[in-house]
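Architecture at a glance
Listed here are the chains, written in short residue letters.
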Amino acid sequence: MEKPMIGKIGQIGVPVSNLNRAIEFYKEKLSLTLLFNTDSMAFFDCNGLSLMLTLPEKDEFAHSSSVIYFQVSNIKVTYEQLKAKNVLFVDEPHVVAKMGQTETWMVFFQDTEENTLALMSEVHL
């Protein structure tokens, strides 16, 4: 059996309905670096991973994306920083798993286009 040729994720596409509003959210609220944008797309750098905001080409692509989990070093501090920027959180940071001496924490929020996003952090006890 042949081994799959998939390596790492090179880009994540996020459908949006209002590109300028979405650019502002990802740039101003999440502090991601805008690489460039066109009339229908915007590309951000997320620590080497390309995040593409795009106006859907077809109606079947015009729906919320999969959840994107942004890894952060201190989830509670990042949560407070984003809350201060009026980011709409669905819940508060909480433990979702514990393996040995490591807890995985998460908190979910929405962008301006109703896509669900999350912060995640590993806490070593």
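Scope of this entry: the structure provided in the associated data block. Computed from a predicted structure; not experimentally measured.

One open sheet holds the four strands; their spatial order is β1-β4-β3-β2, and the pairing between them is mixed. The two strands at the open ends of the sheet, each matched to only one other strand, are β1 (11-15) and β2 (33-37). Put simply, the sheet's adjacent strands are angled 25° from each other on average, direction ignored. The sheet strands contacting helix α1 (residues 19-29) are β1, β2, β3 (41-46) and β4 (49-54), and the helix crosses β3 at an angle near 10°.

Take the packing of aromatic side chains next. Summed over the entire model, instances satisfying the criterion amount to six aromatic pairs. With a centroid separation of 6.1 Å and an interplanar angle of 40°, the aromatic rings of Y26 and F44 are classed as tilted. Of the two residues, Y26 is situated in helix α1 and F44 in strand β3; the sequence distance between them amounts to 18 residues. Like Y26, the residue F44 is buried in the burial classification. For the ring pair F89 and F109, a centre distance of 5.3 Å and an interplane angle of 50° mean the geometry is tilted. Here F89, found in strand β6 (residues 88-89), pairs with F109, found in strand β8 (residues 102-110); they are 20 residues apart in sequence, far enough to count as distant. Of the residues examined, F89 reaches a relative accessible area of 14% and is grouped as buried.

Conventions adopted
- Residues numbered from 1 in each chain as written.
- Predicted model: local features only at pLDDT ≥ 70, side-chain atom pairs only at ≥ 80, totals over all residues.
- Heavy atoms only, no water.
- Pairing = 2+ DSSP bridges.
- Helix = DSSP H or I, 4+ residues; strand = E, 2+ residues; numbered from the N terminus.
- Axes fitted to C-alpha atoms, helices over the stretch in contact; angles between N-to-C directions.
- Contact = heavy atoms within 4.5 Å.
- Phe/Tyr/Trp six-rings, centres within 6.5 Å; stacked < 30°, edge-to-face > 60°.
- Buried < 20%, exposed > 50% of the residue type's maximum accessible area, 1.4 Å probe, protein only.

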